[in-house]
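Each chain, letter by letter, is given below.
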Protein chains: 2
Amino acid sequence: MTPDTASLRIDTERLVNRLDELGRIGAIDGPNGERGCARLALTDDDRAGRDLVVTWMRDLGLIVEIDEIGNVFATLPGTDPDLAPVMTGSHIDTVRTGGRFDGNLGVLAGLEAIETVMTAGVEPSRGITVAFFTDEEGARFPPDMLGSLVYVGGMALEEALDVRAVDDDARLGDELSRIGYAGPLPAPAARFPHAFVELHIEQGPILEDEGVTIGVVEGVQGISWTELTITGRSAHAGTTPMRLRRDPLLAGARIADGVRRIADEIGGDQVATVGRFEPHPNLVNVVAQSVVLTVDLRNTSEAVLCDAEARFASIVDEVAAAEGVTIERRTLARFEPVEFDADMIECVEATARSLGHSTRRMPSGAGHDAQMLARVCPTSMIFTPSIDGLSHNIAEDTHPDDIAAGANTLLHVLLDRARI
Amino acid sequence: MTPDTASLRIDTERLVNRLDELGRIGAIDGPNGERGCARLALTDDDRAGRDLVVTWMRDLGLIVEIDEIGNVFATLPGTDPDLAPVMTGSHIDTVRTGGRFDGNLGVLAGLEAIETVMTAGVEPSRGITVAFFTDEEGARFPPDMLGSLVYVGGMALEEALDVRAVDDDARLGDELSRIGYAGPLPAPAARFPHAFVELHIEQGPILEDEGVTIGVVEGVQGISWTELTITGRSAHAGTTPMRLRRDPLLAGARIADGVRRIADEIGGDQVATVGRFEPHPNLVNVVAQSVVLTVDLRNTSEAVLCDAEARFASIVDEVAAAEGVTIERRTLARFEPVEFDADMIECVEATARSLGHSTRRMPSGAGHDAQMLARVCPTSMIFTPSIDGLSHNIAEDTHPDDIAAGANTLLHVLLDRARI
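Rules of the game
- Residues numbered from 1 in each chain as written.
- Chains lettered and ligands numbered in written order.
- Predicted model: local features only at pLDDT ≥ 70, side-chain atom pairs only at ≥ 80, totals over all residues.
- Heavy atoms only, no water.
- Helix = DSSP H or I, 4+ residues; strand = E, 2+ residues; numbered from the N terminus.
- Rg over C-alpha atoms; globule rule 2.2 N^0.38 Å.
- Buried < 20%, exposed > 50% of the residue type's maximum accessible area, 1.4 Å probe, protein only.
- Areas by Shrake-Rupley, 256 points an atom, 1.4 Å probe, with all protein chains shown as cover.
- Lys, Arg positive; Asp, Glu negative; His and termini not counted.
- Charge placed at Lys NZ, Arg CZ, Asp CG, Glu CD.
- UniProt positions renumbered as here; feature names shortened; annotations may be inferred.
- Contact = heavy atoms within 4.5 Å.
- Polar contact = N/O pair within 3.5 Å; in protein donor to acceptor, adjacent residues only side chain to side chain.
- Phe/Tyr/Trp six-rings, centres within 6.5 Å; stacked < 30°, edge-to-face > 60°.
- Lys NZ or Arg CZ within 6 Å of the ring centre and 35° of its normal.
- Buried area = accessible area lost by both parts, 1.4 Å probe.
- Salt bridge = Lys/Arg side-chain N within 4 Å of Asp/Glu carboxyl O.
- Axes fitted to C-alpha atoms, helices over the stretch in contact; angles between N-to-C directions.
- Parallel < 35°, antiparallel > 145°, perpendicular 65-115°, else oblique.
- Left-handed = near helix turned anticlockwise from the far one by under 90°.
- Nonpolar A, V, L, I, M, F, W, Y, C, P; charged D, E, K, R; others polar.
- Least-squares fit on C-alpha atoms with pLDDT ≥ 70 in both.
- Pairing = 2+ DSSP bridges.

Labelled according to an unreviewed UniProt entry, chain A appears under the name N-carbamoyl-L-amino-acid hydrolase, originating from Ilumatobacter fluminis.

*Asks:* I'm lost on the overall build of chain A in this one. Help?
*Replies:* For chain A, the helix and strand inventory stands at 12 helices and 17 strands. Its C-alpha atoms give chain A a radius of gyration of 24 Å, near enough to 22 Å, the size a compact globule of 420 residues would have. Along the three orthogonal principal directions, the C-alpha set of chain A runs to about 85 × 45 × 45 Å. Taking all 420 residues of chain A together, 62% fall into the buried category. In the structure as shown, chain A presents an accessible area of about 15,100 Å², 48% of it carried by carbon and sulfur atoms. Charged side chains of chain A number 36 positive and 68 negative; the gap between the two group centres comes to 5 Å.

*Asks:* Help me understand the UniProt feature "binding site: Zn(2+) 1" (unreviewed entry) in chain A in this model?
*Replies:* All names here are of chain A. Under the UniProt annotation, the feature "binding site: Zn(2+) 1" (unreviewed entry) is placed at His 91, Asp 102 and His 200. Taking the farthest pair of C-alpha atoms as the criterion, the annotated set spanning 110 residues converges on one region, since that pair is 9.9 Å apart. With respect to the element layout, His 200 can be found in strand 7 (residues 195–201). Leave out the neighbours within four places in its chain, and His 200 touches Ser 90, His 91, Asp 102, Gly 103, His 368, Met 381, Ile 382, Phe 383 and Thr 384. At a separation of 2.9 Å, a polar atom in the side chain of His 200 contacts the side chain of Asp 102.

*Asks:* Is there a simple way to explain the packing of aromatic side chains in this structure?
*Replies:* Here the distance between the centres and the angle between the planes together describe a pair of aromatic rings. Tallying each qualifying case throughout the model produces 11 aromatic pairs over all chains. Aromatic side chains Phe 73 of chain B and Tyr 151 of chain B sit 5.3 Å apart centroid to centroid with 35° between the ring planes, which places their arrangement in the tilted category. Separated by 78 residues along the polypeptide, Phe 73 of chain B in strand 4 (residues 72–76) and Tyr 151 of chain B in helix 4 (residues 146–151) bring together distant segments of the chain. Tyr 151 of chain B shares its class with Phe 73 of chain B; the two are buried. Ring-pair connections join several aromatic residues into one group, and the members of that group are Phe 73, Phe 133, Tyr 151, Phe 192 and Phe 196 of chain A. The side chain of Arg 18 of chain B reaches across the aromatic face of Trp 56 of chain B, ending 5.4 Å from its centre.

*Asks:* Sorry, what's going on with the interface of chain B and chain A here?
*Replies:* How big an interface is tends to be expressed through the accessible area that disappears when the partners come together. If you look at the interface, chain B gives 50 residues, while chain A gives 50 residues. The contact between chain B and chain A buries some 4,300 Å² in all, and 57% of this surface belongs to carbon and sulfur atoms. Of all residues in chain B, the largest losses of buried area upon contact with chain A belong to Met 242, Arg 260 and Val 284 of chain B, amounting jointly to 17% of the total for that side. At the junction of chain B with chain A, the criterion picks out 8 salt bridges. Among the ionic pairs, Arg 243 of chain A bridges to Glu 210 of chain B, the shortest N-O distance being 3.1 Å. In this structure, the connection of chain B to chain A is made through 18 residue pairs in polar contact (both at pLDDT 80 or more). Of all the secondary-structure elements, those providing two or more residues to the side of chain B that touches chain A are helix 7 (206–210), helix 8 (248–266), strand 11 (271–280), strand 12 (286–287) and strand 13 (290–299) of chain B.

*Asks:* Mind showing me how you'd approach the packing of helix 8 of chain B against helix 9 (residues 302–323) of chain B here?
*Replies:* Pairs of packed helices are described in terms of their axes, by the angle between the two and the distance that separates them. All names here are of chain B. Packing of helix 8 against helix 9 brings their axes to within 9 Å, and their N-to-C directions diverge by 150°. The pairing of helix 8 with helix 9 is recorded here as roughly antiparallel in orientation. Between helix 8 and helix 9 the crossing geometry is right-handed. Along the contact surface, helix 8 presents Leu 250, Ala 251, Arg 254, Ile 255, Gly 258, Val 259, Arg 261, Ile 262, Glu 265 and Ile 266, while helix 9 presents Val 304, Asp 307, Ala 308, Arg 311, Phe 312, Ile 315, Val 316, Val 319 and Glu 323. A per-class count over the contact of helix 8 with helix 9 returns 12 nonpolar, 1 polar and 6 charged.

*Asks:* Got a minute to help me understand the relation of the copies chain B and chain A in this structure?
*Replies:* In summary, the two copies of the chain are related to each other by a rotation about an axis coupled with a shift along it. For the pair chain B and chain A, the superposition axis carries a translation of 0.2 Å, the fit reaches an RMSD of 0.2 Å, and the rotation angle comes to 180°. Taken together, the turn and the small shift mark the pair as related by a two-fold rotation axis. Relative to the rotation axis, the closest C-alpha in chain B is found at Ala 253 of chain B, a distance of 2.0 Å. Same-surface contact between copies: 100% of interface residues of chain B are shared with the interface of chain A.

*Asks:* It is not clear to me how the environment of Glu 323 of chain B should be interpreted in this structure. Could you clarify?
*Replies:* Residue and element names in this part refer to chain B. Inspection of the secondary structure assignment puts Glu 323 in helix 9. On the basis of relative accessibility, which here comes to 8%, the residue Glu 323 falls in the buried class. Separated by 221 residues in the primary sequence, Glu 323 and Asp 102 place their C-alpha atoms 44 Å from one another.

*Asks:* Is there a simple way to think about the sheet that holds strand 13 (residues 290–299) of chain A in this case?
*Replies:* Hydrogen bonds between backbone groups are what pair the strands of a sheet, and the pairing can be parallel or antiparallel. Residue and element names in this part refer to chain A. Ordered by their spatial adjacency, 4 strands build an open sheet running 11-13-9-14, and the pairing between neighbours is antiparallel. Edge positions in the open sheet fall to strand 11 (271–280) and strand 14 (326–335), since each of these has one partner strand only. On average, each strand axis in the sheet is inclined to that of its neighbour by 15°, with strand direction left out of account. Examined bridge by bridge, strand 9 (residues 222–231) and strand 13 share 10 bridges and lie antiparallel to one another. If you follow Glu 227 over to strand 13, its bridge partner there is Thr 294. With respect to the sheet, helix 8 (residues 248–266) is in contact with strand 9, strand 11, strand 13 and strand 14, its orientation differing from that of strand 11 by roughly 175°. Relative to strand 14, helix 9 (residues 302–323) is tilted by about 165°, and along the sheet it contacts strand 9, strand 13 and strand 14.

Rendered as structure tokens:
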């Protein structure tokens, strides 16, 4: 019944053309030929993007369903309707100054994979579903990954519908109805997929730096965000001798140096960043009164992340004592790492290699819908290289050869999982 | 002819009352009972303050003269008109959120000293002049110490009159005429004083910290201000491994730590401060693209200040190389140290001690009119303690006992210098 599928390949030109066409909705043209995109969740541009993708789904004859939080699912049925389908997908909303690949690649490559399967006359036992989830970016309606979070039951539907927009205070549920995407399918879902795999651009520089084509994603880093408020004593920079100073800027600088030391000492995938640093009053001839800074620690291992947090706490205590400043701590965010399914990880890796692509196992440094799906079914992700590591940037780009490599890997992972 | 003067003392209550009365012009009342002052140079409030002080000068029968840049001189003539007078004085303009003592104390204590001399019937050989100089703060019309700079010939009159206000672009010369203080006396002066001594609040914490009443000022620190612009590579804090980072915030932090090390290693009076620190884009999850920071180095020795600058340059080079960032340097200000006259310094010290006050030789960390006068005549300064070291702050305050100690020291230094 099912022909040999090993030689099947997606149509790269068709996929790139669809990426271009979807990218024209909310397009941002940069001064140096960049082609960025701004399609914030549940805006008119988001509706136009959704309508275009749904049209493509319907044109293929897929079964299109929309759930109560606006997630859209397009399914090619399998030969055995009792089996849960295999799912792929991502999102089509973007940040305010985003690119054309973040999210969109995963959705359109999923659609492309299904079209390739259909064109070849392949009839897998399980259905294959491609989804796009509502408000993955969280740029207009926090938190991010909201649609997939509701889908898996991690956030109550009513709570999600009541979220207010950061810009105009619009209610999410009202905006969802306004653009016509408040669907009837229950959220959370009544039945979850057999497996989930998401293709996404890396959004970082590792694959490009190492000359590797496919990132095999083992999980999502845990995140620990802390805001420190360091209070010292403002003083005249000319008249106050060093021994009488309690300088919060110096304390903050030593903490930033210590944060780098944490990453150096732990090594591996540990990342540690001070990204915000705001002295008050911030004047050339005044020792600051206070500094607010943020620390971003991430690791794929919860135990190692806790170790990093403990080292950070020690550094803060030592610096505060040495400079005589007081330091308040506030947790801005704390997420445990997500570990993807070992079998799914192996499937992605073996599939990419069988297609002749170089691979590298790696964590995801950013959040993705896949980490929500990982709560309810075996899940992994496929990363393709980001040129210059750029994302959330109108210069975001990925080479067509890498798009093809990622989409073909996705196609064959889906086929592998869709046959019993 | 001249009676014994050793027992002469100023009238503290009269001086404190005049400080209060002058402080009511442009008064800023703080939430905790603070009594600050805002009398920016050449504003209507500055005119009102000038008018009040000039009225007091005229009421005493002093000869009041105003020069072309608006500096005001009130002189008690000496018995020998061929001798150059001894001068004291300071300024009555303030910063935007200033106190009641900065500058005002030196002017009103000078007036008080002269009144004390007159009341006692003392007739010194040399005249005694009390001056207030235009725009010492430079808060409205940069640079600071403008009036005394023009007085000593360090800046051409026409150039000074053409300076524009930082707030409303008003021309200094126009504002001077508008408030009626463009006088006929030539600036620079035709004849300079025999000596100059200025009483001022310390504006720092050293005297209070050490329990010393009178600071004997040996000179003014040299100042070296540098702005650094550090450029790295903006990157995602989650997806960018440490080895691929070029983080300008980390580089800035290491420079700030190095700047403190400069002060620690040089020791003595060396001060070193990073006061401004501005990352861009300044977000929790983004490695910054650039940081602008400022470094303030001061020392009383030009040779040591040059050593500090050389150490700073090495630190900048080392940090830039280690983190792979580029660092641009811009000199914001560079002034050589000013050394006061050895004989005047000894006179201030001996006089304060003869009055029973504890003394400490020290540099001035801030700029004062006295450093301009030091270019043309033997000069020194007398410092009184600042409560909590505060100045340029509405909480600026000095205890009446310390005001009395400073003013009596000023009185007897003037008497000493006014008798041949």
